[in-house]
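# Understanding the architecture of this molecule
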Amino acid sequence: SCDHSSKKKPNNHSDNNPVDKIVIPDLPESTVATILDYIYTGSAPGSSACSPSLLTACTLYQLPGLQSLCEEHLATLLTPNTVASLLMLADSCSCHWLRGRALQYCREHCAYIIKDEDWTVMEQDNHCLWVEACRQVEVDTCISHVECVKNTRYLMETKILEECAR
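Residues numbered from 1 in each chain as written. Predicted model: local features only at pLDDT ≥ 70, side-chain atom pairs only at ≥ 80, totals over all residues. Heavy atoms only, no water.

### Things to note about the packing of helix α4 (residues 83-92) against helix α6 (residues 117-125)
Interaxial distance between α4 and α6 falls to 8 Å at its minimum, and their mutual angle equals 35 degrees. Contact residues: Val 83, Ala 84, Ser 85, Leu 87 and Met 88 in α4; Asp 118, Trp 119, Val 121 and Met 122 in α6. (Axes fitted to C-alpha atoms, helices over the stretch in contact; angles between N-to-C directions. Helix = DSSP H or I, 4+ residues; strand = E, 2+ residues; numbered from the N terminus. Contact = heavy atoms within 4.5 Å.)

Right, dumping it as structure tokens:
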């Protein structure tokens, strides 16, 4: 006869410390918790929980309601310093609303946007998106986009200096 009482159960945790959480190695723990809360309770997370990783997870796990909430929150974070990274995020996640809002932001605030590292990454890694963003700030009479942007910034700087002199 076999003595089953001396055999240990095959598991990855001790009997004293059971594992009671889901771990998805590619996602931060807070993102997984927010997704599970949304799935099981149907309640929307606070805006502070909406992050780029949550938006990516919403796309991956097909959660359109939560994705829309995240897109709306991330759109409120658009600034000259964040627009490039949010535009790339929206494009990579196929978030059409956020992508459109970021392009609109480029058009409306072109005088304040400076080509930083995120814009350089976009130009190199997603040239089509970069060209589309550049088209947002070009005017119909623009012959040289570089001159157009330089002139727009120059006009804004001149306007600010004139206002400060008053």
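Past the structure itself, the notes keep going.
### Describing the environment of Tyr 61
Considering the arrangement of structural elements, one finds Tyr 61 in the loop between α2 (52-60) and α3 (64-75). With a relative accessible area of 39%, Tyr 61 lands in the partly exposed category. Taking the C-alpha atoms as reference points, Tyr 61 and Ile 35, separated by 26 residues in sequence, lie 9.2 Å from one another. Not counting residues up to four positions away in its chain, the partners in contact with Tyr 61 are Ile 24, Leu 27 and Ile 35. (Buried < 20%, exposed > 50% of the residue type's maximum accessible area, 1.4 Å probe, protein only.)

### Quick word on the confidence of the model for the chain
When pLDDT is averaged along the chain, the result is 76, and 67% of the positions lie at 70 or above. Ranking the elements of the chain by mean pLDDT puts helix α8 (residues 145-165) last, at 54, and α4 first, at 94. Overall, residues 1-11 carries pLDDT values under 50, and its contacts beyond four positions in sequence, including any with other chains, amount to 0 contacts. Below a pLDDT of 50 lies the segment residues 149-154, which in the model reaches 7 contacts outside its immediate sequence neighbourhood of four places, other chains included. (pLDDT = per-residue confidence, 0-100.)

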